[in-house]
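# Summary of structural features
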Number of protein chains: 2
Amino acid sequence: MGRFLMACRAEPVDCTPVWFMRQAGRYMPEYRRLRSKHSMLEVLRSSELSAAITLQPIRAFDVDAAIIFSDILPPLAGMGLDLEYVPGRGPQLSHPLATKSMIDRLATPPATETIGGTLEAIRLVKRELGAVPLIGFAGGPFTLASYAVEGGGSKHFARTKRLMLSEPAAWDRLMTKLVTVVTDLLTEQQKAGADVLQVFDTWAGVLSRFDYERCVAPYNRKLFKHVHALGVPILHFSTGTSAYLDLVAHCGGDVIGADWRIPLDEARKRTGKPVMGNLDPTALLAPWRELQPRIDFVLDRAGGSTGHVFNLGHGILPETPVDNVRRVVDYVHAQTTKK
Amino acid sequence: MGRFLMACRAEPVDCTPVWFMRQAGRYMPEYRRLRSKHSMLEVLRSSELSAAITLQPIRAFDVDAAIIFSDILPPLAGMGLDLEYVPGRGPQLSHPLATKSMIDRLATPPATETIGGTLEAIRLVKRELGAVPLIGFAGGPFTLASYAVEGGGSKHFARTKRLMLSEPAAWDRLMTKLVTVVTDLLTEQQKAGADVLQVFDTWAGVLSRFDYERCVAPYNRKLFKHVHALGVPILHFSTGTSAYLDLVAHCGGDVIGADWRIPLDEARKRTGKPVMGNLDPTALLAPWRELQPRIDFVLDRAGGSTGHVFNLGHGILPETPVDNVRRVVDYVHAQTTKK
């Protein structure tokens, strides 16, 4: 078993494993070349293109895991929402959820229908990867609900929170459907060959502790109960949740993602679990003399290589220099190798 | 001395004082009526209009403080940046700071030149307010720097952080100029009659603990050292800073603002100071049966009326029902009155 899987189980490793969220992305010239010929939806539907992109960072860097190239939103299209990828603006839903009857009409199609290309890409990638573990993933129910209600990004998430607080029965129906869908998405990815699964509850940090506990945690607990039964390590990622990371961890996950706001010693203390993170992605835009002490801070607060997966606190930014990515991977490996 | 000023000094009060950030704003019909006839810049330049808007919520609700109607950005215009208020999009700077020489050219004009209308409005309002204390305010240096560099709101603050990490000398010049400007803004507002001063470091929560400590805290400490010498209570507000609220408090401020993410007992423990907050503004969009338990949670975690100023964790949203605002004020007063 490689060091990434061992770190997920809090077992001793030869050095700290490293991977990056969005490690296959616009900062890589080979990614930009491929995307200049194919739209996002084309890539997501084509198992060959998804597989090729997934492998780009594996060939370029000594990262310890691959993550299947996909997106958290296509399942919402499968549920009946209109999803578009607008160049330069990101994903948009042109008819976001606005009424109870729209929620009632949402379908819960199986993952084999909504992400067939991704499942096939997992099979293709597994043949190429050798010993490198492959991560499959899905959005967290709250994060998917927010996209479905806001139609895209949001400053205050006011529409989502208003639905959550004012229409508890509709919120329950929506979140219950999403738990069903996300459970199946993760199950099918594991069956297709994913060695690790990650739940991206990216926007869970816009809530109060009171609201996370009452309106989100019950659904996350159900979800994690199902996916822990699959027997592979589960990564539970969120941002902005420093103040209730204990609740996040309590919902489930073998490894808890932490954004850069909370030092990893505190994240470990709050969660009692292995942690993943937590360099600020913008630190990768800085010269090495500024980047290095920030990596050192992460490693220092992680308190050693056991139970730590090195990552950013969020996805790599498109303007990141490729050389910095390579240098971080090699530096983390070297610094944490037992001498 | 009224209960708001006493709460700022952690002295016992008859009940918990209440005010709201953006309590004079678009959710009030009388505000919308006035703004339909005058642009934002007209209002900011006119001491009569600013004073009239400041008094609107004082006449409508039993709030315990007034805050002068103004904005944190006009001083940036005074420093040489192009500021526009675009209806529906908020403030925009058409030529954000992009080079070291632009930072070198920034002026540090006195507050009497940049916010003369606001200073005169403070004098006008003071004549009308009677015993109600008046809050003057300014943006925190980091938040102003972010606006100046990004040109408006931002998702990742990548330009600001890149400058901060890659150009330490330019960052130092920018932040030093902002400390000078903000110190004078607050000093002149106190001289004009403000009873309390608030620093809005709204975006300080996008940083890591490492970066807040090294790149922001030294400037905030200088700023607070100057303004504490003015002898009035200082409120130090930020959002998203749960994980390093101790550092925020250590920079200065008599009362530390907390957003809704962190329960107030934890905020109090982390800061060792009186706290202000921290209802999620979106809770005011909910029906009373959902709003009330969320107010109760805030009051319960505040642990009694001493050293607590009730507020939202950020500004009132424009779609807030006026009746909910009135009801929250009266409910907090009633619930915290010693029986």
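For the structure, check the block above.
### A short note on the pairing of strand β8 (residues 275-279) of chain B
Residues and elements named next belong to chain B. With five of five residues buried, β8 is to be regarded as a mostly interior element. Examined bridge by bridge, strand β7 (residues 255-257) and β8 share two bridges and lie parallel to one another. Within the sheet, the bridge partner assigned to G257 lies in β8 and is M276. Where the polypeptide runs from β7 across helix α14 (residues 264-271) and back to β8, its parallel neighbour, the crossover connection is right-handed. Pairing geometry for β8 and strand β9 (residues 308-312), over five bridges, is parallel. Bridge assignment links N278 to a residue of β9, and that residue is N311. In this fold, β8 hands off to helix α15 (residues 288-302), which returns the chain to β9; that crossover is right-handed.

### Examining the relation of the copies chain A and chain B
For the pair chain A and chain B, the relating rotation is 180°, the translation along its axis is 0.0 Å, and the fit reaches an RMSD of 0.0 Å. Taken together, these values place the two copies in the relation of a two-fold axis. Mapped onto chain B, 100% of the interface residues of chain A again fall at the interface, so both copies present the same surface.

### With respect to helix α12 (residues 209-228) of chain B
An α-helix turns once every 3.6 residues. As a result, residues three or four positions apart point the same way. All names here are of chain B. For α12, spanning 20 residues, the distance from its first C-alpha to its last is only 24 Å, which falls clearly below the expected 28 Å at 1.5 Å a residue. Its axis deflected by about 50° at V216, α12 carries its strongest bend there, up to four residues before the proline P218. Within α12, burial applies to R209, F210, D211, Y212, C215, V216, A217, Y219, N220, L223, F224 and V227.

### Here we look at the side chain of S70(B)
Residues and elements named next belong to chain B. Examined against the element boundaries, S70 turns out to sit in the loop between β1 (66-67) and α5 (74-79). Relative accessible area serves as the criterion here: at 16%, S70 is assigned to the buried category. A polar contact of 3.3 Å, which involves the side chain of S70, links it to the side chain of T118. Setting aside anything within four residues of it in sequence, one finds S70 in contact with L44, T118 and F137.

### Let's talk about the pairing of strand β2 (residues 83-86) of chain B
Walk down a regular strand and you will see the side chains alternate between the two sheet faces. Residue and element names in this part refer to chain B. The two faces of β2 differ: L83 and Y85 on one face are buried, but E84 and V86 on the other face are not. Sheet topology places β2 next to strand β3 (residues 90-93); four bridges connect them, and they run antiparallel. Bridging across to β3, E84 finds its partner in Q92.

### Quick word on the pattern of salt bridges
For the coordinates displayed, the defined rule picks out 38 salt bridges over all chains. Linking D211(A) and R294(B) is a salt bridge whose minimum nitrogen-to-oxygen distance equals 2.6 Å. Of the two residues, D211(A) sits in helix α12 (residues 209-228) while R294(B) sits in helix α15, which places them in two different chains. The exposure class of D211(A) is buried, given its relative accessible area of 3%. Between R270(B) and D246(B) there is a salt bridge, and its shortest N-O distance comes to 3.8 Å. With a gap of 24 residues between them, R270(B) in helix α14 and D246(B) in helix α13 (residues 245-251) connect regions that are remote in the sequence.

### Digging into the packing of helix α10 (residues 158-166) of chain B against helix α11 (residues 168-192) of chain B
Residues and elements named next belong to chain B. Running from amino to carboxyl end, α10 crosses α11 at an angle of 110°, the nearest separation of the two axes being 5 Å. Relative to α11, the element α10 lies roughly perpendicular. On α11, the residues that touch T160, L163, M164, L165 and S166 of α10 are P168, A170, W171 and L174. Tallied by class, the residues present in the contact of α10 with α11 amount to seven nonpolar, two polar and no charged.

### Considerations on unusual backbone geometry
Going from G277(A) to N278(A), the amide bond is cis rather than trans, its omega being -10°. When you line up the elements, N278(A) lands in strand β8 (residues 275-279). Its identity as a non-glycine residue notwithstanding, F157(B) has a phi of 55°, on the positive side. Relative to the elements of secondary structure, F157(B) occurs in the loop between α9 (141-150) and α10. With a relative accessible area of 4%, F157(B) lands in the buried category.

### Side note on the sheet that holds strand β9 (residues 308-312) of chain A
Residues and elements named next belong to chain A. Taken in spatial order, the seven strands of this open sheet run β1-β4-β5-β6-β7-β8-β9, and their pairing is parallel. Two strands close off the open sheet at either side, each with one partner strand: β1 (66-67) and β9. Note: strand β4 (residues 134-139) against strand β5 (residues 196-201), five bridges, orientation parallel. Across the sheet, residue F137 finds its bridge partner in β5, namely Q198. This element, helix α11 (residues 168-192), spans β4 and β5 of the sheet and lies at about 170° to β4.

### Side note on the packing of helix α2 (residues 29-37) of chain B against helix α4 (residues 47-60) of chain B
Residue and element names in this part refer to chain B. The geometry of α2 relative to α4 is characterised by a closest axis approach of 10 Å and an angle of 165° between their N-to-C directions. Our classification of the angle between α2 and α4 gives roughly antiparallel. Crossing of α2 over α4 shows right-handed handedness. The segment α2 lies against α4, with E30, Y31 and L34 engaging L49, A52, I53, Q56 and A60. Looking at the contact of α2 with α4, its residues break down into six nonpolar, one polar and one charged.

### Quick word on the sheet that holds β9(B)
In sheet architecture, strand pairing relies on hydrogen bonds along the backbone and comes in two forms, parallel and antiparallel. All names here are of chain B. A sheet is described by the order of its strands in space; here seven strands give the open sequence β1-β4-β5-β6-β7-β8-β9, paired in parallel fashion. What marks the edges here is a single partner per strand, and that holds for β1 and β9. Each of β4 (134-139) and β5 (196-201) touches α11; the most contacted strand, β4, lies at about 170° to it.

The rules we used
Residues numbered from 1 in each chain as written. Chains lettered and ligands numbered in written order. Predicted model: local features only at pLDDT ≥ 70, side-chain atom pairs only at ≥ 80, totals over all residues. Heavy atoms only, no water. Buried < 20%, exposed > 50% of the residue type's maximum accessible area, 1.4 Å probe, protein only. Helix = DSSP H or I, 4+ residues; strand = E, 2+ residues; numbered from the N terminus. Pairing = 2+ DSSP bridges. Right-handed = clockwise from strand over helix to strand, strands pointing away. Least-squares fit on C-alpha atoms with pLDDT ≥ 70 in both. Contact = heavy atoms within 4.5 Å. Expected span 1.5 Å × (residues − 1). Bend = angle between axes of the 7 residues up to and from the residue. Polar contact = N/O pair within 3.5 Å; in protein donor to acceptor, adjacent residues only side chain to side chain. Salt bridge = Lys/Arg side-chain N within 4 Å of Asp/Glu carboxyl O. Axes fitted to C-alpha atoms, helices over the stretch in contact; angles between N-to-C directions. Parallel < 35°, antiparallel > 145°, perpendicular 65-115°, else oblique. Nonpolar A, V, L, I, M, F, W, Y, C, P; charged D, E, K, R; others polar. Left-handed = near helix turned anticlockwise from the far one by under 90°.

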